[in-house]
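# Summary of structural features
One-letter residues, chain by chain:
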Amino acid sequence: MTEAMWNHKMALFTTYLRSLCPSGSKQSLDTTLFRLFGIHSRRFSTKFPATEHQKTMAARGLPKRVPIPGVDKIIVVASGKGGVGKSTVAVNLSLAIADIRKGSAVGLLDADVFGPSIPRMMNLSGEPRTDEKGLMVPLQNYGVRCMSMGFLVDEKSAVVWRGLMVMSAINDLLRKVKWAPLDFLVVDMPPGTGDTQLSISQQVPIDGAVIVSTPQDIALIDARKGVDMFQKVKVPVLGLVQNMSVFCCPNCSHQTHIFGKDGALKMAEELGVTHLGDIPLHVSIRETSDAGKPIVVSSPTSPEAEAYRSVARKVLEALSRPKPSA
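All residue numbers refer to positions counted from 1 along the written sequence of the respective chain. Given that this is a predicted model, residues contribute local features only at a pLDDT of at least 70 and side-chain atom pairs are listed and counted only at 80 or more, while totals for whole chains, interfaces and linings are drawn from all residues. In computing side-chain values, all of the structure's heavy atoms are included and hydrogens and water are not.

### Considerations on the overall build of the protein
If you tally the helices and strands in the protein, you get 12 helices and 9 strands. Across the 326 residues that make up the protein, the buried fraction comes to 47%. If you take every contact in the protein between residues at least 6 apart in sequence, the share linking residues at least 24 apart comes to 75%. Where accessible areas are quoted, they stem from the Shrake-Rupley method and a 1.4 Å probe; at the residue level, only the protein chains shown are allowed to cover. Working note: accessible area of the protein is about 17,100 Å², and carbon and sulfur atoms make up 55% of it. Elements are defined by DSSP. Helices are runs of H or I of four residues or more, strands are runs of E of two residues or more, and each kind is numbered from the N terminus. The buried label goes to any residue with under 20% of its type's maximum accessible area, the exposed label to any with over 50%, and the partly exposed label to all in between, with areas taken from a 1.4 Å probe on protein chains only. Residues count as neighbours in contact if any of their non-hydrogen atoms are within 4.5 Å of one another.

Shown next, in the form of C-alpha cells:
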C-alpha cells in the first residue's frame, strides 16, 4: 500500500471518528489516537480524490430498512431502563389499538430475548407451529397475534447468548414469522439503547417509537437517552408515556406521587416531544398483568383501562399525520 493510499484511508477513518464526537470531545479523541497509535487525526488530509467504489459506499449510509411483508405499521415501545412498566404498556397498548380499530389485525412482538414478559401477560404458552413455508405462526389471545422467545424456551431457563446469537434470534422473530396480513405490529423492546434496539431500528422501517418512563429523575435520565437514540437513527418519536404517575389508594382513593410529579411531562416539553398520557400506579394493573388478563380486556370500563386507550388514541393520531420530508 502506498503512503498516499494509507494517508487517504486514515483520513477517512479519523474524519469518521471525529464526526461521531461532540465538539467538546474532539480534543480527547486526538489524544486517544496519539496514545494508542502514535498518530494525530489532523495530520491526515482528505484532499485525495475518492474512488467510485468509495463514493458508492459512502452514499449507502446506514443499512437499508426492509419492510416486513404484509405488515403496515410498526410501533416500538421502549424505555431507557428496566422496571418502568414498559411491557405492561406495550401489552395494553396493543389491546387498546385492537379495541379502537375494530377489524384491524394487531400483532405484538416480544423483542426482549433475555427477559420475555409477553407469554405470561397474554396468558400464552407452547411452541408455535410452522406453516408450509417454514414460517412460525404467532400464538393468539384477546385478538392479538403474539411472538416471543418465551414460546421457544422454558420460562425458568435463562437465555445465555452472545450478541450474534441474539441478533439472529431477533431477525427470526421479525422475518421468519407469519405476521401478514397485519395492520399494526407493536414491538416490546428490551430496556436500554444497545445492539437489539439499534438492530431493529436499522433493519425495518419503524413508523414511530413510544418511550415509557416513570416521573422519577433516575428513570428520566435514561428515557432521555432513549429519545436521543431514536432521533439519531431517524425513527420518529411519537411521544412519552408517564407510567406509575400517581398511586391511587384502593381503599380511600387518596393520591400520592410516589415517584415524583410530572417529571416525564416536563421532560417531554423540554425535548419537544408529545406527552402521550399518564398511567396510574394501581394494584389492579399489576394483578391483571400477572394473571394474564390485561386490564384493557379484563376491566375495560375502569379508569386505568381508559388511560391506556387514551394513549392508544394519541398514538394512532400521530401515525395518521403525514411524515415530515427528509
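Next, the rest of the story.
### Let's talk about the confidence of the model for the protein
For every residue, the predictor assigns a confidence score, pLDDT, that lies between 0 and 100. When pLDDT is averaged across the protein, the result is 84; 80% of the residues are at 70 or more. In the model of the protein, helix α3 (residues 52-60) stands out as the element of lowest mean pLDDT, 53, in contrast to helix α11 (residues 295-298), which has the highest, 98. Confidence drops under a pLDDT of 50 for residues 44-48, and excluding neighbours within four residues, the segment shows 13 contacts in the predicted structure.

### Observations concerning helix α9 (residues 263-271)
Taken residue by residue, α9 has G263, A264, M267 and A268 as its buried positions. Axial view of α9: buried residues confined to an arc of 135 degrees, hence all on one face. Every exposed residue of α9 that faces more than 90 degrees away from the buried side is listed here: K266, E269 and E270. Each element contacted by the buried residues of α9 is listed here: α8 (217-232), β7 (237-248) and β9 (275-281). One or two positions beyond α9, positive phi appears at G272, with a value near 75 degrees. Read the arc as the range of directions from the helix axis to the C-beta atoms.

### A few points about the pairing of strand β6 (residues 208-213)
Where burial is concerned, most of β6 is hidden: 6 out of the 6 residues are buried. Residues G208, V210 and V212 line one face of β6 and the alternating positions A209, I211 and S213 line the opposite face, and both faces are buried. Pairing between two strands is assigned when DSSP locates at least 2 bridges connecting them. Two strands pair when backbone bridges link them, and strand β1 (residues 71-78) and β6 are joined in this way by 4 bridges, in the parallel orientation. Looking at β6, one finds that V76 is bridged to A209. Judged from the 5 bridges that link them, β6 and β7 form a sheet pairing that is parallel. Looking at β7, one finds that S213 is bridged to Q242.

### Focus: the state of the cysteines
Count a disulfide wherever a pair of cysteine sulfur atoms falls within 2.5 Å. Applying the stated criterion across every chain, the model contains 0 disulfides. Summary of cysteine pairing: C249 is not part of a disulfide, and the nearest cysteine sulfur, belonging to C252, is at 3.6 Å.

### Considering helix α7 (residues 195-203)
A turn of α-helix holds 3.6 residues, and therefore any two residues three or four places apart point the same way. The buried count for α7 comes to 7 of 9 residues, which makes it a mostly enclosed element. By the burial criterion, the buried members of α7 are T196, Q197, S199, I200, S201, Q202 and Q203. Along its buried surface, α7 packs onto α6 (163-175), β5 (182-188) and α8.

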